[in-house]
Amino acid sequence: MKTREFFVSAPGKVILHGEHSVVHGKVALAVSLNLRTYLRLQSTSSGEVRINLPNIDTFLSWEITALQPLLAGCKAEQGDLKELDADLLKRLREFTGISDDSTDTRSMAVLAFLYMYLTVFAEALASITVSVWSELPTGAGLGSSAAYSVCLSAALLSARGTISALTSQQESARWCKDEMELINRWAFMGEKIIHGTPSGVDNAVGTWGGFLRYHAGNITPLSRVPILRILLTNTKVPRSTKVLVSGVKDKINKFPSVMKPVLESVSAVSCTCEQTLTELAAHGPSAEHYNILEELIDINQHHLNVMGVGHSSLDTLCRVTLARGLHSKLTGAGGGGCGITLLRPETDASVIQSTVEELKSCGFDCWETSIGAPGVQQHSPAALSQDILKILNSY
């Protein structure tokens, strides 16, 4: 390895507009969330590979000599990522005792780590310790697994020397376009292990950051990125993305003449929002820009209720915020989960505080944050907050 320590971070994501459009070939807008996952990678001389995941109370280590035989016949070729090596994945499941039908967060995080570690370092397995801590709640539809996969990809490739490392003069830095594309491809492999058939949107947001347009499998970053303040609310109502997606498909099949125009309208909302954000970034924010964004939020939330993916908890979120002149919508699959509330630049701090307090009294978690954050970055220790550094350095 060229250096003995790496710190990287990647953002979570929210869907600004276009939930359930992705699977129907319509336009969706995804955006990076300024809640991040942080990773520290250290090279060691222990002869072991260690991973520490304090968010899910997971601390594991393996002898390199025990991992080496798993690479026998490994098909993965560094830098040429197309399909998962099913044989290697099967051997990893047997080695870790993780069954084929296991999908819990801990098991998937461990499998993704070991697979990516073995394929990145296939030529010479290295002794490393990886510690990961996240501001993102897991299972909330905020791209926590993608942020994790992006961090793993960037740190492992940097440690291997495949992509460049931070110079001593830099506190935080990003990689060139080709290196970012490589990080994204490796992260997509991690997402495949965790989710099976991901769209690629989440890892792309984690890699590139900012606002991304998704249409028919093509992902295009917006060239200019405004930063918008939001409240992020987790209703903590569990939901099944698979069941919700299936329900939307059933409704489209049952009422095609009704539902297809709804999808077209959702796509139009995404396109109008994209145009507004482009203007806002180019010319600076105005009251009219925020008026349009608020109207689009309200329209899209009504669309999602028509699709059948609303929930009483999300209705409560919209009611509480609208009473204070704020506009909210769900983000992700719906049926509970998370919602976002747009904050105008002039929104008074007392309004935000009272809104957060009432939402918390409803049993929700709530954060004031922003969207449009930068994608994956490498950091010097000085660039990280003392709280995050303390967590990462405690293992």
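Residues numbered from 1 in each chain as written. Predicted model: local features only at pLDDT ≥ 70, side-chain atom pairs only at ≥ 80, totals over all residues. Heavy atoms only, no water.

Visitor: Lay out the packing of helix 10 (residues 312-322) against helix 11 (residues 349-361) with the relevant residues and their values.
Guide: Two numbers describe how helix 10 lies on helix 11: the axes approach to 10 Å, and their chain directions differ by 150 degrees. With respect to their mutual orientation, helix 10 and helix 11 come out roughly antiparallel. The way helix 10 lies across helix 11 gives a crossing that is right-handed. Across the interface between the two elements, Leu317, Arg319, Val320 and Thr321 of helix 10 pack against Thr355, Glu358 and Leu359 of helix 11. Per-class residue counts for the contact of helix 10 with helix 11 are three nonpolar, two polar and two charged. (Axes fitted to C-alpha atoms, helices over the stretch in contact; angles between N-to-C directions. Helix = DSSP H or I, 4+ residues; strand = E, 2+ residues; numbered from the N terminus. Parallel < 35°, antiparallel > 145°, perpendicular 65-115°, else oblique. Left-handed = near helix turned anticlockwise from the far one by under 90°. Contact = heavy atoms within 4.5 Å. Nonpolar A, V, L, I, M, F, W, Y, C, P; charged D, E, K, R; others polar.)

Visitor: Lay out unusual backbone geometry with the relevant residues and their values.
Guide: Backbone geometry at Asp57 places phi at a positive 50 degrees, although glycine is not the residue there. Here Asp57 shows up in the loop between strand 3 (48-53) and strand 4 (58-63).

Visitor: Outline the nonpolar core, listing residues and values.
Guide: Generally speaking, soluble globular proteins have nonpolar side chains that are buried together. Ranked by size, the top nonpolar core spans 81 residues in total, and within it Phe113, Tyr117 and Tyr148 carry the most contacts. The element contributing the most residues to this core is helix 3 (residues 105-120), with twelve residues. Judged by nonpolar contacts, the second largest core, of 13 residues, contains Ile252, Leu304, Met307 and Leu330. (Core = buried A, V, L, I, M, F, W, Y, C linked by side-chain atoms within 4.5 Å. Buried < 20%, exposed > 50% of the residue type's maximum accessible area, 1.4 Å probe, protein only.)

Visitor: Lay out the pattern of salt bridges in plain terms, naming residues and giving numbers.
Guide: Summed over the entire model, instances satisfying the criterion amount to 14 salt bridges. Residues Asp202 and Lys13 are paired through a salt bridge, measuring 3.5 Å at the closest nitrogen-oxygen approach. Of this pair, Asp202 sits in helix 6 (residues 201-208) while Lys13 sits in strand 1 (residues 5-17), and the two are 189 residues apart along the sequence. Lys13 gets classed as buried once you look at its relative accessible area, which sits at 7%. Across the salt bridge formed by Glu294 and Arg344, the nearest N and O atoms sit 2.9 Å from each other. Within this pair, whereas Glu294 is found in helix 9 (residues 287-307), its partner Arg344 is found in the loop between strand 11 (338-343) and helix 11, the two being separated by 50 residues in sequence. (Salt bridge = Lys/Arg side-chain N within 4 Å of Asp/Glu carboxyl O.)

Visitor: With reference to specific residues and values, describe the packing of aromatic side chains.
Guide: For the structure on display, the rule yields three aromatic pairs. With 5.5 Å between their ring centres and 40 degrees between their planes, Tyr117 and Phe121 make a pair best called tilted. Taken as a pair, Tyr117 and Phe121 share a single burial class, namely buried. Members of the aromatic cluster, connected to one another through ring pairs, are Trp62, Phe113, Tyr117 and Phe121. (Phe/Tyr/Trp six-rings, centres within 6.5 Å; stacked < 30°, edge-to-face > 60°.)

Visitor: I'd like a description of the pairing of strand 11, backed by residues and values.
Guide: Of all six residues in strand 11, six are buried; the element is thus mostly enclosed. Residues Cys338, Ile340 and Leu342 of strand 11 are buried on one face, and the alternating residues Gly339, Thr341 and Leu343, pointing to the opposite face, are buried as well. Connecting strand 10 (residues 327-331) to the antiparallel partner strand 11 that follows it, the hairpin turn spans six residues, and Gly332 within it adopts a positive phi of roughly 100 degrees. (Pairing = 2+ DSSP bridges.)

Visitor: Please provide a residue-by-residue account of the side chain of Thr233, values included.
Guide: Its place among the elements puts Thr233 in strand 9 (residues 228-234). Residue class for Thr233 comes out buried when judged on its relative accessible area of 0%.

Visitor: Give a description of helix 8 (residues 256-283) that names residues and reports values.
Guide: Helix length check: helix 8 (28 residues) gives 40 Å between terminal C-alpha atoms against 40 Å at 1.5 Å per residue, within 8%. Among the residues of helix 8, those classed as buried are Met259, Val262, Leu263, Val266, Ser267, Val269, Ser270, Cys273, Glu274, Thr276, Leu277 and Leu280. Where helix 8 is buried, its residues contact strand 1, strand 2 (28-43), strand 7 (211-215), strand 9, helix 7 (241-254) and helix 9. Positive backbone phi, at 90 degrees, marks Gly284, one or two positions downstream of helix 8. (Expected span 1.5 Å × (residues − 1).)

Visitor: Residues and numbers for the packing of helix 5 (residues 177-195) against helix 6, please.
Guide: For the pair helix 5 and helix 6, interaxial distance at closest approach is 9 Å and the crossing angle is 145 degrees. In the crossing of helix 5 with helix 6, the sense of the turn from one axis to the other is right-handed. Here helix 5 contributes Lys177, Met180, Glu181, Ile183, Asn184, Ala187, Phe188 and Glu191 to the contact with helix 6, which in turn contributes Asp202, Asn203, Ala204, Thr207 and Trp208. In terms of residue class, the contact of helix 5 with helix 6 is made up of six nonpolar, three polar and four charged.

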